[in-house]
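Structural features, examined
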Amino acid sequence: MQRIFIVGCPRSGTTLVQAMLARHPAAFSLPETAFFEHLYGNVEWRWGDSAAKPRRRLRQRLGFAHQQGRAALGALREQLSQGGNRFPRWPLRTASCVRRFIGMLDACAVADGRVAWIEKTPSHLLYIPEIEQYVPDARFVHVIRRGEDVLASIADASMRYEERGIFAGGTAKWSRRWNHAAQIHCEHASRSNHHIVFLDDLVRDQQGEWRRLCAFLDFDPAVELEAGCDQAITDLREEPWKNEAVSGQPSKPRRKAENLFGPQMREWLQRKLMPYEELRSNCIQSGQHAESGVRYLYR
């Protein structure tokens, strides 16, 4: 069973990559679980938010799962079993919860005739060490988008869906988060079980990037894909900002930064964000995916 995690800064294109892979007959996928985020907590602190402080209760230090993690596992059980008793009651300890989580996704993929499953929660980028501890064969697909475009997309979604509060915090907070994500991408770029997709490349050379991604995942790149993503990878009533990505059909993204940000803000972003070409160059020079024999080439 191929166990695949798609990670990245929010609004970077992770849903699009998930939907593309979910069109492949080998892959089973599902909506974001945020399982490891709930299981270990401290997501704001892990993002490096200035006011956040780490919290780890005694029961967690003793190996007992965070209550939110057990609740997330229970909700996932209900979702995957569709209200039945297909999966037993969730356990108390962290390691057992992870094993149950993996077992549920394995079972659903097998029942659906698939040889791989894809879990896409962008913030799982922050929990890679914990995931690898319990899922040593996990493969990670990192999705990277230009920082100013990510910030513009977040600002746009924050304005349009203000009542949901999901992208709250302002440009300064999210610029720091994008920089932190970029640092994590660079740290893992040379590892054989990690693969980086630059959204610009995917849009410009869809077939080439698709072959490269399939080579990393041991998928057949020539197999006929479904016309669109028919798997339920999100509920658009709850996450309407994903509407343009769920088809799994890449299209040229709109450059929102020029429309939303004035000259002073764009100059500020250039000073605060890690330069995109520097990030790209660092990832390329890391000599990616030696095991699969696939490397980046300058275009």
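The notes below deal with the structure included here. (Residues numbered from 1 in each chain as written. Predicted model: local features only at pLDDT ≥ 70, side-chain atom pairs only at ≥ 80, totals over all residues. Heavy atoms only, no water.)

A look at the packing of aromatic side chains
Per the stated rule, a full pass over the model turns up 11 aromatic pairs. Where Phe5 meets Phe140, the ring centres are 5.6 Å apart and the plane angle is 25°; that geometry is what we call stacked. With Phe5 in strand β1 (residues 2-7) and Phe140 in strand β4 (residues 139-144), this residue pair connects regions lying 135 residues apart in the sequence. On the accessibility criterion, Phe140 (0% relative accessible area) is buried. Among the aromatic residues, those joined into a ring-pair cluster are Phe5, Phe35, Phe36, Phe101, Trp117 and Phe140. A cation over a ring is seen here: Arg139 above Phe216, with NZ or CZ 5.8 Å from the ring centre. A cation sits over an aromatic face here: Arg280 above Phe198, 5.3 Å from the ring centre. (Phe/Tyr/Trp six-rings, centres within 6.5 Å; stacked < 30°, edge-to-face > 60°. Helix = DSSP H or I, 4+ residues; strand = E, 2+ residues; numbered from the N terminus. Buried < 20%, exposed > 50% of the residue type's maximum accessible area, 1.4 Å probe, protein only. Lys NZ or Arg CZ within 6 Å of the ring centre and 35° of its normal.)

Brief notes about the pattern of salt bridges
If charged atoms from side chains of opposite charge come close, those side chains can pair. What the rule picks out here adds up to 18 salt bridges. Ionic pairing is found between Arg46 and Glu130, a salt bridge with its closest N-O pair at 3.0 Å. Residue Arg46 is found in helix α3 (residues 43-47), and its partner Glu130 is found in helix α7 (residues 128-134); the two are separated by 84 residues along the sequence. On the basis of relative accessibility, which here comes to 15%, the residue Glu130 falls in the buried class. Across the salt bridge formed by Asp156 and Arg160, the nearest N and O atoms sit 3.0 Å from each other. Of this pair, Asp156 and Arg160 both sit in helix α8 (residues 147-160), 4 residues apart, roughly one helical turn. The exposure class assigned to Arg160 is partly exposed, which follows from its relative accessible area of 46%. (Salt bridge = Lys/Arg side-chain N within 4 Å of Asp/Glu carboxyl O.)

Some words on the pairing of β4
Among the 6 residues in β4, 5 count as buried, and that is most of the element. Here β1 runs beside β4; their pairing, made up of 4 bridges, is parallel. Paired with Phe5 across the two strands is Phe140, which belongs to β4. When β4 meets strand β5 (residues 194-198), the two strands line up parallel, connected through 5 bridges. (Pairing = 2+ DSSP bridges.)

Brief notes about the environment of Tyr161
Considering the arrangement of structural elements, one finds Tyr161 in the loop between α8 and α9 (170-188). Separated by 79 residues in the primary sequence, Tyr161 and Pro240 place their C-alpha atoms 8.7 Å from one another. Among residues more than four places away in sequence, those in contact with Tyr161 are Pro240 and Trp241. (Contact = heavy atoms within 4.5 Å.)

Describing helix α14 (residues 276-285)
Considered for burial, the residues of α14 that qualify are Tyr276, Leu279, Arg280, Ser281, Cys283 and Ile284. Residues of α14 that are buried sit in contact with β4, α9, β5 and α10 (199-204).

Observations regarding the nonpolar core
Counting residues in each nonpolar core, the largest one holds 58 residues, and the members touching the most others are Phe36 and Trp178. Apart from the residues within four sequence positions on either side, Trp178 is in contact with Cys9, Arg145, Arg146, Gly147, Val150, Leu151, Leu273, Met274 and Leu279. One finds Leu16, Ala27, Val197 and Leu202 within the second-largest nonpolar core, a separate group that totals 22 residues. (Core = buried A, V, L, I, M, F, W, Y, C linked by side-chain atoms within 4.5 Å.)

A few points about the sheet that holds β4
If you trace the 5 strands from one edge of the open sheet to the other, you get β2-β3-β1-β4-β5, paired in parallel fashion. Whereas interior strands pair on both sides, the edge strands pair on one side only; in this sheet they are β2 (27-29) and β5. Between one strand axis and the next, the sheet turns through 25° on average, direction left out of account. Across 3 bridges, β2 lies against strand β3 (residues 116-120) in parallel orientation. Bridge pairing links Ala27 to Ala116 in β3. The strands that helix α6 (residues 94-111) touches are β1, β2 and β3; relative to β3, the one it contacts most, it runs at about 130°. Across the sheet, α9 lies against β4 and β5, angled at about 135° from β4, the strand it touches most. (Axes fitted to C-alpha atoms, helices over the stretch in contact; angles between N-to-C directions.)

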